[in-house]
Amino acid sequence: MSAAGILHGRVDARRFENNAATRESPWVRRAILGVALAFFVLFLVLPLVAVFAEALRKGWGTYVHALTDADALAAIRLTLLVAAVSVPLNLVFGVAAAWSIAKFEFRGKHFLTTLIDLPFSVSPVIAGLIFVLLFGAHGWFGAWLIAHDIKIIFAVPGIVLATVFITVPFIARELIPLMEAQGREEEEAATVLGANGFQTFWRVTLPNIKWGLLYGVILCNARAMGEFGAVSVVSGHIRGMTNTMPLHVEILYNEYNFAAAFAVASLLALLALVTLCLKSFIEWKASQAAKDTE
Amino acid sequence: MSAVATFFNPTRQTRVLPGFGLSLGYTLVYLSLMVLIPLSAVFLRSATLSWSEFWYIVSDPRVVATYKLSFGTSLLAAAVNAVFGLALAWALVRYSFPGKKLVDALIDLPFALPTAVAGIALTALYAGNGWVGQVLEPLGIKVAFTPLGVLVALVFIGVPFVVRTVQPILEDLETELEEAASSLGAQRWTTFHRVILPILTPALLTGFALAFARAVGEYGSVIFIAGNIPMVSEITPLIIITKLEQYDYVGATAIAVVMLVFSFVMLLAINLLQAWSAKRSGRNR
């Protein structure tokens, strides 16, 4: 989703600041910096601070109570379960897709790459809708599912399906450009020297792509745990049963139980912060690794 | 699997590496089962409608009001992000200031923060008694539960797109161009809008288009702050949900088709823009 991705290292700003041809007059510089940072604080920092401030407004006791509530715990468990199923599925897909696209030439390669990105351009609400049309009571397979007493919509399988749909591209789109940039000489050498496919992948490819892989996994995980629109359509909002954490936040909020809503929301905000920390760490590691090979 | 391999590789060039048929076959099967077949359900379902029935649903005044709001605020939000995103990318690449690494890392917050959390946080900030609402309300500006609230939420979720498309292009920009312009006597502003801006334009447009496409489909961060008043502050994704809750599957599907067609057009436009951007800046992805 970030166009720069893991491949891009940062450059030193002093290169521009110490060059008379590439710097602005001090007051222009101050104005640009001021406008940029004011926008940054207003739109990114304040909402983040507000989550924690609202969560702790009624004190630590209320906060802990909201998080240890049985429905909240059930929501946390379901969210972890959904991520534990959908991330590995999309991990295997991402590696397979990147292997075929980056290591081989074939017809329709560019089109396939575009198709993989498709879920990014579909509204989450529509992602939920398609599974209702397929598996809902009035859907294509609705009658068959009812006859066999299988519940997908308004149950956990529907939530997993919608989450998998939304997160399909995350790992593939990090790996494809990375593996394309690395070429295939190393793998070819390994194969010529007698390594089988599995050994080549495990010993040669995987060490080269590990940071990109991890990068994709944490972004995929963040979205899987935080998805709201798609999951909201297929969940049915049954407390303690089909409520993920974001849906639990919504229910509490709509009941005007703001302190509890923000308490659960603060856990998700923490998840976001951990994701961003790991992301920066991986970018740093990857740039170190890139420097070593140069 | 060899059939797959034969279709995609008609010349049958020799391959050293193993696993082409398996990996491509798995990719195609998984993508079809998880994405393509489910998506086609929307189009097949709407095909049961006659053209006039379809038109009746998608041109209902309440639905048209949602298009106007969704597309209008999304365009505005993308424009706001183009301006401030460029300023942020510029500051991040060209200036050193304390806390720069932290700012750089937090730019991606809207990708990492669940949309529902963003939604309730923005509502708390912009409501009459919120930190920002308190300041704006005495000035006669109401944000929460108005179309302006929709705009605020869409600006939030669009922040990273422009910054992250413009930033790498700015970093790769050769200083020689500006040195040449400067030595030929160009003022800084002239250099910016005659030399730098034309190089940035494709990336800026790509970021704009990405932010716009994302904003039109956005749901979670908007519904809390919008107030969801029919004809005033109701977005298109919400009306799909409303119809689903009334078991009006046909109505929901018809509106979904309108949104999907728009998404596909945007996807095509973004692909073309990215190709242009890569060509203009001499970068290959």
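About the cut-offs
- Along each chain, numbering runs from 1 in the same order as the chain's sequence is written.
- Naming scheme: in the order in which they are written, chains are lettered from A and ligands are numbered from 1.
- Confidence filtering applies because this is a predicted model: local features only for residues at pLDDT of at least 70, side-chain atom pairs given and counted only at 80 or more, and all residues used for totals across whole chains, interfaces and linings.
- Only hydrogens and water are removed before side-chain values are computed, so all heavy atoms of the structure are retained for them.
- UniProt positions are given in the numbering used here, feature names are shortened, and annotations may be inferred rather than shown by experiment.
- The salt bridge definition used is simple: a Lys or Arg side-chain nitrogen within 4 Å of an Asp or Glu carboxyl oxygen.
- With a 1.4 Å probe rolled over the protein chains alone, any residue whose accessible area is under 20% of its type maximum counts as buried; one over 50% counts as exposed, and the rest are partly exposed.
- Numbering of helices and strands starts at the N terminus; helices are DSSP runs of H or I of at least 4 residues and strands are runs of E of at least 2.
- Throughout, a contact is declared for two residues whenever any of their heavy atoms are within 4.5 Å.
- The term buried area denotes the loss of accessible surface (1.4 Å probe radius) that occurs when two parts are joined, taken as the sum for both partners.
- For the purposes of these results, a polar contact is taken to be a pair of N or O atoms within 3.5 Å, where, inside protein, one atom must be able to donate a hydrogen and its partner to accept one; residues adjacent in sequence count only when each atom of the pair is a side-chain atom.
- Asp, Glu, Lys and Arg are counted as charged, while Ala, Val, Leu, Ile, Met, Phe, Trp, Tyr, Cys and Pro are counted as nonpolar; the rest, among them Gly, fall into the polar class.

Under an unreviewed UniProt entry, chain B has the name Sulfate transport system permease protein CysT and belongs to Pseudothauera nasutitermitis. Recorded in UniProt for chain B, the comment headed Subcellular location (unreviewed entry) runs: "Cell membrane". According to the UniProt record, the Subunit (unreviewed entry) comment for chain B reads "The complex is composed of two ATP-binding proteins (CysA), two transmembrane proteins (CysT and CysW) and a solute-binding protein (CysP)."

By the naming in an unreviewed UniProt entry, chain A is Sulfate transport system permease protein CysW, taken from Pseudothauera nasutitermitis. According to UniProt, the comment filed for chain A under the heading Subunit (unreviewed entry) is "The complex is composed of two ATP-binding proteins (CysA), two transmembrane proteins (CysT and CysW) and a solute-binding protein (CysP)."

1. So, the pattern of salt bridges
Residues and elements named next belong to chain B. Evaluated as defined, the whole model comprises 19 salt bridges over all chains. The salt bridge involving Asp 248 is made with Lys 243; its shortest N-O contact spans 3.8 Å. Given a relative accessible area of 29%, Asp 248 falls into the partly exposed group.

2. Considering the UniProt feature "transmembrane region" (unreviewed entry) in chain A
Residues and elements named next belong to chain A. Cross-referencing UniProt, the feature "transmembrane region" (unreviewed entry) maps to residues 31–53, 73–101, 122–146, 152–172, 213–238 and 258–278 in the present numbering. The distance separating the terminal C-alpha atoms of residues 73–101 is 41 Å; by composition the span is 100% helix and 0% strand. What you have in residues 152–172 is 76% helix and 0% strand, and the ends, taken at the C-alpha atoms, are 27 Å apart.

3. Here's the deal with the interface of chain B and chain A
How big an interface is tends to be stated in terms of the accessible area lost upon association of its parts. Opposite the 102 residues of chain B that make contact, chain A presents 105 residues. When chain B packs against chain A, close to 9,500 Å² is buried across both sides, 76% of that on carbon and sulfur atoms. Across the contact surface, chain B and chain A share two salt bridges. With a closest N to O distance of 2.5 Å, Asp 108 of chain B and Lys 279 of chain A form a salt bridge. Linking chain B to chain A there are 17 residue pairs in polar contact (both at pLDDT 80 or more). Among the residues forming the side of chain B that touches chain A, the class breakdown is 71 nonpolar, 17 polar and 14 charged.

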